[in-house]
Structure formats: C-alpha cells, structure tokens
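Observations on the three-dimensional arrangement
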Amino acid sequence: MHAKTKTTLTPLALKDAPALIETVFPAQKVSFEAQKERKANLGQTLTGLGSYWKGRKPLILVRAIVLGCLLPPTDDAQADLALFEKLMAFDEEGLARRSLAANALSPAEIAANIDLDNPWDYFKATVRRLGVTGGDIRWMRFPLDVDAAGISIRWRRHITDDEKFVLYRRALATLPSYEAKASIAKRPEEVDQDWLYAPVWPQVNRHYAHLGLDAHSFPELVEQLGILRYGRRPRVGDTFCGGGSIPFEAARIGCDVYASDLNPVACMLTWGALNIIGSSPERRTEIEKGQERVAKAVDAEITKLGIEHDKQGNRAKSYLYCLETRCPETGWMIPLSPSWVISKGRNIIARLKPDHRNKRFEVEIVSGVSDKEVAAADQGTVQEGDMVYTLDGKTYRTPIKTLRGDYRNTDGSTGNRLRRWEKSDFKPRPEDIFQERLYAIHWITKATLNKSRQETWFAAPTDADWECERRVEKLVAENLSRWHDEGLVPDMAIEPGYNTDQPIRERGWTHWHHMFSPRDLLKLALLRKHISEPELVLELCGTLDFCSKLSRWIVRFSSGGGSDFTSNVFSNQALNTLYNWANRSFFDHDFVQNYKNAPVHINASVVCAPSSELTQAQDIFITDPPYADAVNYEEITEFFIAWLRKNPPKPFDDWVWDSRRALAIKGSDEDFRRGMVAAYKAMADHMPDNGMQCVMFTHQNTSVWSDLIGIFWAAGLQVVAAWYIATETTSELKKGGYVQGTVILMLKKRAAGERTGFKQRLLPAVRQEVVRQIESMLHLNDTVTVHHGEPVFNDSDLQMAGYAAALKVLTAYTHIGGEDVTSFALRPRARGEVTVVDEMVQQAAETASNLLVPEGLSADTWAKLTGIERFMLRMLDMETTGSSKLDNYQNFAKAFHVEDYARVMGDMRPNQARLKRVSEYASRDLTDSTEIGATNLGRLFITLQQLYKDTEPQVIVEQMRNEMPDFLEARSVLVDMLAFIEKKSHEPETRSAAEVLGARLKNLRFGE
Ligand SMILES: C[S@@+](CC[C@H](N)C(=O)[O-])C[C@H]1O[C@@H](n2cnc3c(N)ncnc32)[C@H](O)[C@@H]1O
C-alpha cells in the first residue's frame, strides 16, 4: 500500500512552514467523534485484539493530529479549516456520505424534511389507507407526512447511492447541529474510503495547487506533504505506544512508523494492530486458517480426554466455582459466595442444603424458582466482608478477616494465617483455610452444540463429573513440573506490588499459575503447546483474559435480554480475587476471531525498549505518556507475560519478556520527572529541527501544567499550540462526576543557543501573545459562524489557546531569572509553591477570561465582576446552547479561580451537569460567608427569591440601597446582570423577576 507519487514536488519546500495545527484544529468536532468512537466499545477497530488493554487513544483523534502536523496553513485560515474538515469527513458532504452509509434516514424521514417536487422519481409508494388512489399519490409532494397521507414509501430499485446522497444531504441539512448529524452517521473509518473521499481530492489538489500537490488517497497526500516538509515519506514515532492506536492510525494514512514501549504486551498489541488488523486480506485468511487449525487440534485433544463432555455427548459451557471454609463456631464447611443466584432471567439458584452427618452443605441447582427465592438467594454467604449463614434457624456471622487470621505486626505491617502456596501447588491443600469447590456446570445439549441458539441447562456436578475433575487434577499433578520447564504453564513468581499484593494477601497465591484452576491449566497447556506463530499469541492472550479464578460469573438483570455469562479478568484494571468465579470450557472460547480488517501501509518497526533508549530518528512524535496513570500496566500485564516469556515466537523473541517495573515511568514525583525528561530529550534529540511533537495528557490542574511544561521545556522543546479535547470517560474506578479532558500539546524544538528572560519583562509579552492568539481565533469564529451557523472554537479552546500562547513565550527561553530550565524541571517542589509556569498560566487565564465576555453582557460590566460571578454568567450562557458537560464547569471554575464550584451546581453528573437554579438556593447558600453569597450576583439571587414571594420591588430596592454601601456605583452592573439573567435563565419566574427588578433599578431616579 505504498503511495506512488509521480508529481514534481519541491522537496523541503515546506521545511520552515508552520503546521496547520498551530493555528486551527476542529477540536469540538474531534471531541464529538472521539467520544462516538469510544462509545462503539467492541466495535472499535483495535479493541478486538485485546479489550484488556484500556485507554487506547481514539483513532480519529490521531488522524486529525497527523494531518494537522503535515498540512500547511495558507493565508486563508477559513479555507484551510474547511479543507481540514473535509479531510476528516466532518463537512456537510462527508456527513451525508457517512449517514447514507449508515442508512440512517428512512424514506419517511426524508419525505418529512425536504422540499421535493418529483419525489416519485426516487420513491415508490404503497397505499396503506383505504381510499387513497394512485392519482392522489401522483400529486403528493415533499415535505410529506407519509403516515398522515395514508401511504408508505421506499426507494426505487434503480436509484444509485449518488442519487440517494443528494437527498440525504438536503435532509441532513435540516438537522440542528453537528452532533445531531454526526450521531446518526457511521464513523469515517467505517465507510469505504474511496467513495467517501472521492469529491475531496480535487478540492485538496486545487487548494494546494501552488505546492504541486496531486493526491488521490491519504497515502498519496501524506507522502507528498512529507516530501514537501521533510524530503521523504514522513516518519511518525510513538515511544509510549501501549495498545498501538497512534502508530496504527499514522500507518493507516500512509506514514512510516516507529513504535516502542517498555512493556512487551504493549508491543505485542501494537504489532497486532499493524500486522493483524492492518494485514492484507490474503494474510488475514492465513491468520484465520491458523486459528482454526489450533482450535481444532486442541478441541480434538480435549474431546479425546473426555473432560468437557458427559456420557450423552452434551458439552460443558462453563464451570462455576466457589471458595469453601470451615466455620470456627460450628465446625461446618461453608461455601462462600456473595450471591447464590445463577440466572435471574431463568430463575436459577444454587440452594444450600445442610448435610448434618458430614457438617457441610450440599449445593443443589434449582431452576424456575419463585422471584422471592431468587431475591433470598441473592443474599449470599459473604455479606459486607463477613461470612454469614443460617443453620437450624440460627444465623452465624464471622468476619472474613478473622477467618484469614489477619494481624498487625509491631512495625505496622500486616499479615494473615493463609498458607503461602508453593510452586508445585495448583489447588488448595486439605489443611488450607480456603478450599475451592465446583458447584455448578453449565451444559449445552448435544443437539444444539453448533446451533446459533443453544439449549443449555445448569446442574450440580454428578459422580461422573467429580471423576472427571479428579482426572484433570491427576493430569495436572503429573505434568505441571514439565509444563513449567517447557514454558507451557507459567512458573513465574508474583512480585509484590500495588495490584499484585492482593492475590498474595487474600489467597496466599505466590505464583501466577496459582490464579488458574486445574482445568484452566490443562486447557491452556494444551493450547500453548500449539502456539508458534506471533498472531496466535494474541489469541492466547485473549483466551487468558477469560480464564482464571479472577473471572466473574455475570448474572444479567431479569428484564435484560441475553444469557448470563463468564466475564473477562480485566473487566477492571486490577487483580481482584473472587469468592465465586466461572471458567469457560474450551468449547466456549472464541479462539477463532473475526477481527476487523483495515489494511495499512506498513513500513513499521515495533521495538521493546524504554523510551529514553530511542535510537531511530523520526519527523513527528505523537505520544500519550504514562502521566498519573491510574492503571499499573507494568504489574497487571505480568498476568500475560508469565505465560509468554519462555519461547516467544519471532519477532517477539527480540523483546524483553519482563515488565521491567523499575524502568516504568509512573507517579508524579521527581523520579517521574527525571524519567520523562530523559524520554522527551531522547525524542527531541532524534528529530530534525523542523520536527514536531504532540503530547496528549489528561487535563487536571495547573500543577499538571507546571510539571509537564517544565519537563518538555527541559527536554529542549517549545510549546507552539494546545487544544482541548473532551473525552468524557467516567471510569468505573473513579465514579462520581469524574470527567476527563485531554490536552493536545504541540511542541517544536527550541532554537539552539541560550536565551535568558526575566519574569517582569516576560509578563507583558505573554499578555500580548495571549491577546493576539485569542483575538485571531475570535475573528475566525465570527467568520465561520456567519457561514455555517456554528463557531469553530468554544471557550475551552480559547482558554487552552491562551495558555499555549503564554507558554510559547516562556518556553522560548533557556533561563528565567537566574534559573535554567532543567534545574527548574527537576527541582523538588515545595508544597503550595507557585512556579513561574503557574504564574504564566494564571496570567494567560486572566487575560483570556477578560476577553471572553459572554454574549449579551458589556465588556465594562464583565471587567467589574468577580471570578465566581464570571463563572456563573459564563456557564449560564453556555447552558443556553444546550451544553451540559461537567468538564466545562470544571475547567471554567479553574480558569475563574472559583474555590468550590460544587456549591453552585444543581447537578454534577458528567453529561447532565447544570448550575443551581435561582429558586434552588437555600438561604444558607447565600450568606456572606459563601463564595457566591458575598457577591453582587448572590445579592441579586436573594432579591429575586424575595420577588417570587411577592415582596414589593420598591421594598427590595430600598433594602439593597441600605445594605449595599456601593449601591449607586454597582447599579449599572446590577442592571446589566439582571438583563442577562432575564434573557438566559431557565426559570420563567426568575426571568420575569429579573425583568421587574431590572426595570425598577434602571428607572431609579436619584433620591427615590
Ligand atoms: C498511557 S499508555 C499509552 C497508551 C497508548 N497511547 C494507546 O493508545 O494505547 C502509556 C504507556 O507507557 C508505557 N511506559 C511506561 N514507562 C515507560 C518507559 N520508561 N518507556 C517506554 N514506555 C513506557 C506503558 O507501558 C504504557 O504502555
């Protein structure tokens, strides 16, 4: 898939040209599309390779960044932006093609929304109501409510996609916003690229005719832009490649790529993205054949062993296990599970039946019980950290901690009485506190084994099943040591750590294979033996993710469709031990995967190395570093590394199959900064003078800025632009109004030589640059709004650009005052220290916020408002456009220095955020001791509330005059704010109260 460039371009003609991303970037649209991609879950292109790897960057975002780095600006910013949007398929035509590909509009919807005099050239009608005749239909025109007209319509058979497209485009134009249009469309990458971009290439070639561009596909465009800028096809590097979305997308649009990561699992996933998802269709067929061959071979061995079949030929789908322990009070063995419900949809439960003779419980599996019994069974034998059960009418409760024998040492460390398993162990020993017990098997009938709708049932294990379990255990006992030696089963010890401590502490497991049941071990050893091709290693990891005693039995809600199922280990990013778990049979594993296929141009290397050891030069680096990562990739991926480290196939055998925890960059302290400076210095040293870097990181607070900016600055880079992308992921780990935005920071090499600046002299230059930047963006906003009805940049973009402008000035220097940037970046921070970067960012925020006057308020009034007042009015204005994203509130609260914005929020859900309405304030929220209560706006809220209660306006004004010493000076600001509230408030009573009070204050005569 190499591009073939025949045109005569002048290599390096754009060597010194800025990149388009330095001036324009469709951040709002990219945000929306990135979220749309995320929401596709398993429908995302790379997720199928390993959903255990979370946090892949959206491909659409990567595409926008690569293009933005390569495209040059012309002297017409608006036309540049329009072309950029076309290349992203964000323009009207692209959207119409994308929605046509999704078949998003029914003929009836089109009929209802467009004017059309000749509808029957396109559609055929069927009469639905008696009395409607062909003659009636002939006279019908669009817009038309087909139901009301008594007909239904469908496309005529001969109508081509191009003809449909014309009507789609008109129908789409009637939708109110970009989001409304894009939400019904396919993602650009899902649409046939030749068809989607057919109209775009001539426009691209015309726009860049002065450069001699002649492109008819992305690889051609990218190659030509690369030649113009770097003299060759551009090389894009990512030295923190993780799941590989950056190198994959860069390769897909035609760049040469270099990807590296410290972690071999990350390298494997990146390799898979490029070589499996990105493979040619022929290669894909080969890969699938390989998968089928292995699946068949393992299945044959398992069938021969007879360990997943019963005598009738029915086959197991899953095995449900639980822990069991002896109660210290009664001496009974108690099966442990937080719930004994197996299926809510089918009312199946596991019922504990006392066996007095043996002081244990039989577990019966009963189907079709009453809802009441299901509810009772949902109260398991583990409740809030206690073992709880009832025997002969008496309830016993013992904390799990007591069962484990938790204790604290004199040095404060903790321990327990759980035996630490030995390497040769693969099941509990009889004297162990926690035993493991199979309590149910999910069976598939022989007749429906290969049907799409299988008939299944659950049963307690029979004698034959127990015999089978014994056989499995015997096989494992006989072979484990050999499997260890041959690398078919891991023999790696679990190294203690933040996540890895948990299985050690809670189960006594010391080696990775202890996390697997004997059945898992046998199945996986058989599978591992057959895996010699790299692509099958990814498959093995996919299977591993659904094995082990860490995989949950998921009971669906009774009302929901679908069956209950065994979930994957990494449904969250931890190594949580379970009281009850479920294992899929080999038969139930989808070893043969139908991955997505998106052939990429491959000139890619994947290297397993710390980012500081980079040796290959690249033109552009795009990275998503491990800043403040909630996920300890280096620990949890050992779950896979343990299985792969011995005898990995080529090319994985070049990699270090160890997570090298000590080298992983993590946290946010000095080690983190040192690691990051080394990484970014290596990248800066390995790029040409006109190279570009893009770093993505989560937007948190100004200390993030300070740290990261210091790091990039020390690495010899200068900030050139910044954009804000709302990614809005509410992580399971961090519930409760947690919103994320991603900052896209653009950097270039700082010019060689030393430059010393002084803070006091820098400040005016910073202010000037911020003003210049924001004003040019506001200007573009105005022109685009006139043409398209929607602005390009929202306030967050402007704010972000303001920061970037300030940092651009600052990071051009090597010394500020007496301090050089490297010692600034690496020096330990004192608690609460305000660094020079903090000051610059703060000043930029203030300058920007002075410029961001909400529509409907005078600049004079705006200048007189406090931070919280600005926040309130700004957000009120934003709410009128239907915006309800919490991260907007978060960001603006920071920008306006609001101390505690939660106190003025009516709702803090990530996508339903809103300010408190005036009527919702309690009087304690508006006292002088609150942030808002101490302001004029707070004062106005009180008076508006009084007006609801029919207090005379005159009385209120009198009160204000008495209580506000600066009443006369404040009057015009109050009037202005009231007019604003009257226009923007969501509450009719507040609007009319604001009108009444505003009029009163406005017409107040001196002396009245
Ligand atoms: C946030 S993730 C990158 C995710 C990636 N952009 C994606 O789309 O999947 C950060 C990555 O940095 C890697 N990492 C941590 N320390 C490293 C180091 N010193 N050198 C190279 N990679 C490192 C981690 O293994 C992890 O894969």
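In what follows, the structure referred to is the one given above.
From a predicted model like this one, the values you see are computed outputs, not experimental measurements.

Quick look at the site of the ligand now. Taken together, 24 residues are adjacent to the ligand, and Lys57, Gly243, Ser245, Asp261 and Asp624 come closest. Contacts to the ligand include tryptophan 53, whose side-chain N or O atom sits 3.4 Å from an oxygen atom. Between the ligand and the protein, one listed contact pairs an oxygen atom with a backbone N or O atom of lysine 57 at 2.8 Å. Tallied by class, the residues present in the shell around the ligand amount to 11 nonpolar, eight polar and five charged.

The subject of this paragraph is the sheet that holds strand β21 (residues 620-623). Across the sheet, which stays open at both edges, the seven strands sit in the order β20-β4-β3-β21-β22-β24-β23 with mixed pairing between neighbours. Where the open sheet ends on each side, the last strands, each with one partner, are β20 (604-608) and β23 (717-726). Direction aside, the axes of adjacent strands within the sheet are offset by 15 degrees on average. Across nine bridges, the pairing between β23 and strand β24 (residues 741-749) is antiparallel. Each residue of the ladder has a partner; that of alanine 726, found in β24, is glycine 741. Contacts from helix α14 (residues 264-277) reach β4 (256-261) and β20, with the element oriented near 170 degrees to β20. Along the sheet, helix α24 (residues 670-685) contacts β21, β22 (692-698), β23 and β24; its crossing angle with β22, the most-contacted strand, is approximately 155 degrees.

If you trace the three strands from one edge of the open sheet to the other, you get β25-β26-β27, paired in mixed fashion. With one partner strand each, in any of the chains shown, β25 (756-757) and β27 (819-820) form the two edges of the open sheet. In the sheet, β25 pairs with strand β26 (residues 815-816) via two bridges, with the strands oriented parallel. Looking at the pairing, glycine 757 lines up with isoleucine 816 of β26.

Here we come to the pairing of strand β3 (residues 235-238). A regular strand places its side chains on the two faces of the sheet in alternate fashion. Where β3 lies against β4, four bridges are found, and the strand directions are parallel. Residue pairing across strands places valine 236 opposite valine 257, the latter belonging to β4. Sheet topology note: the β3/β21 ladder contains two bridges and is parallel. Within the sheet, the bridge partner assigned to valine 236 lies in β21 and is isoleucine 620.

As a further point, take the pattern of salt bridges. Tallying each qualifying case throughout the model produces 64 salt bridges. The residue glutamate 190 makes a salt bridge to arginine 187 at a minimum N-O spacing of 3.8 Å. The exposure class assigned to glutamate 190 is partly exposed, which follows from its relative accessible area of 39%. Judged by its relative accessible area of 6%, arginine 187 is buried.

The next thing to look at is the pairing of strand β19 (residues 580-584). Counted residue by residue, β19 has five buried out of five residues, so it is predominantly covered. Here β19 shows a buried face lined by Asn580, Ala582 and Arg584 and a second buried face lined by Trp581 and Asn583. Note: strand β5 (residues 315-326) against β19, five bridges, orientation antiparallel. When the bridges of β19 are listed, leucine 320 appears paired with alanine 582.

Here we come to the state of the cysteines. Covalent bonding between the sulfur atoms of two cysteines defines a disulfide. Tallied over the entire structure, the rule returns zero disulfides. With no disulfide of its own, cysteine 69 lies 6.2 Å from the sulfur of cysteine 694, the closest cysteine sulfur. By relative accessible area, which is 1% here, cysteine 69 ends up buried. Left unpaired, cysteine 267 is separated from the closest cysteine sulfur, that of cysteine 608, by 4.0 Å.

This part covers the environment of phenylalanine 941. With respect to the element layout, phenylalanine 941 can be found in helix α33 (residues 936-948). Owing to a relative accessible area of 5%, phenylalanine 941 belongs among the buried residues under this scheme. As for phenylalanine 941 and leucine 926, which are separated by 15 residues in sequence, their C-alpha atoms are 8.1 Å apart.

Each aromatic ring pair is specified by the distance between its two centres and by the angle formed by the two planes. Taken as a whole and judged by the stated rule, the model has 39 aromatic pairs. With a centroid separation of 4.9 Å and 80 degrees between ring planes, the pair formed by tyrosine 197 and phenylalanine 218 is classed as edge-to-face. With tyrosine 197 in helix α10 (residues 193-197) and phenylalanine 218 in helix α12 (residues 218-230), this pair connects stretches of sequence that are 21 residues apart. What makes tyrosine 197 buried here is its relative accessible area of 1%. Ring geometry for phenylalanine 516 versus tryptophan 643: centroids 5.2 Å apart, planes at 80 degrees, classification edge-to-face. Within this pair, whereas phenylalanine 516 is found in the loop between α19 (501-507) and α20 (518-529), its partner tryptophan 643 is found in helix α23 (residues 638-644), the two being separated by 127 residues in sequence. For the pair formed by phenylalanine 516 and tryptophan 643, the shared burial category is buried. In this structure an aromatic cluster arises from ring pairing among Tyr52, Trp512, Phe516, Phe570, Phe639, Phe640 and Trp643. The ring of phenylalanine 165 carries the charged tip of arginine 97 above its face, separated from the ring centre by 4.6 Å.

Here we come to unusual backbone geometry. In this model, phenylalanine 142 is joined to proline 143 through a cis peptide bond whose omega is 5 degrees. Locating proline 143 in the fold gives a position in the loop between α6 (134-138) and α7 (146-149). Residue arginine 660 is not a glycine yet carries a positive backbone phi of 40 degrees. Here arginine 660 is to be found in the loop between α23 and α24.

This part takes up empty space enclosed by the protein. One simple way to see leftover space: roll a probe sized like a water molecule over the atoms. In this structure the tally under the stated criterion is 10 cavities of 30 Å³ or more. As for the largest cavity, its lining consists of 13 residues, and the residues nearest its centre are Leu876, Leu915, Lys916, Val918 and Phe941. Of all the secondary-structure elements, those providing two or more residues to the lining of the largest cavity are α31 (867-879) and α33. The biggest single contributor to the lining of the largest cavity is α31, with three residues. Residue classes in the lining of the largest cavity are distributed as eight nonpolar, two polar and three charged.

To continue, consider helix α29 (residues 836-851). Taking 1.5 Å of rise per residue, the 16 residues of α29 would be expected to cover 22 Å, and the 23 Å separating its terminal C-alpha atoms lies within 8% of that figure. Where α29 is concerned, the buried positions are Val836, Val837, Asp838, Met840, Val841, Gln843, Ala844, Ala845, Thr847, Ala848 and Ser849.

Below, the discussion takes up the packing of helix α2 (residues 59-70) against α12. Running from N to C, α2 and α12 point in directions that differ by 40 degrees, and their axes come no closer than 9 Å. Considering the angle they form, α2 stands oblique to α12. On α12, the residues that touch Arg63, Leu67, Cys69 and Leu70 of α2 are Phe218, Leu221, Val222, Leu225, Arg229 and Tyr230. For the contact of α2 with α12, the per-class residue count stands at eight nonpolar, no polar and two charged.

What follows concerns the packing of helix α1 (residues 27-39) against α2. Running from N to C, α1 and α2 cross one another at 145 degrees; their axes reach a closest spacing of 8 Å. Two secondary-structure elements touch here, α1 through Val30, Glu33, Ala34 and Glu37 and α2 through Leu59, Ile60, Leu61 and Ala64. When grouped by side-chain class, the residues that make up the contact of α1 with α2 number six nonpolar, no polar and two charged.

Rules used throughout
Residues numbered from 1 in each chain as written. Predicted model: local features only at pLDDT ≥ 70, side-chain atom pairs only at ≥ 80, totals over all residues. Heavy atoms only, no water. Near = heavy atom within 4 Å. Polar contact = N/O pair within 3.5 Å; in protein donor to acceptor, adjacent residues only side chain to side chain. Nonpolar A, V, L, I, M, F, W, Y, C, P; charged D, E, K, R; others polar. Pairing = 2+ DSSP bridges. Helix = DSSP H or I, 4+ residues; strand = E, 2+ residues; numbered from the N terminus. Axes fitted to C-alpha atoms, helices over the stretch in contact; angles between N-to-C directions. Contact = heavy atoms within 4.5 Å. Salt bridge = Lys/Arg side-chain N within 4 Å of Asp/Glu carboxyl O. Buried < 20%, exposed > 50% of the residue type's maximum accessible area, 1.4 Å probe, protein only. Disulfide = S-S within 2.5 Å. Phe/Tyr/Trp six-rings, centres within 6.5 Å; stacked < 30°, edge-to-face > 60°. Lys NZ or Arg CZ within 6 Å of the ring centre and 35° of its normal. 1 Å grid on protein atoms, 1.4 Å probe; cavity = no way out; pocket = protein on both sides within 12 Å on 5 of 7 lines; lining within 4 Å. Points joined across faces, edges and corners; volume = space filled by probe spheres on them. Expected span 1.5 Å × (residues − 1). Parallel < 35°, antiparallel > 145°, perpendicular 65-115°, else oblique.

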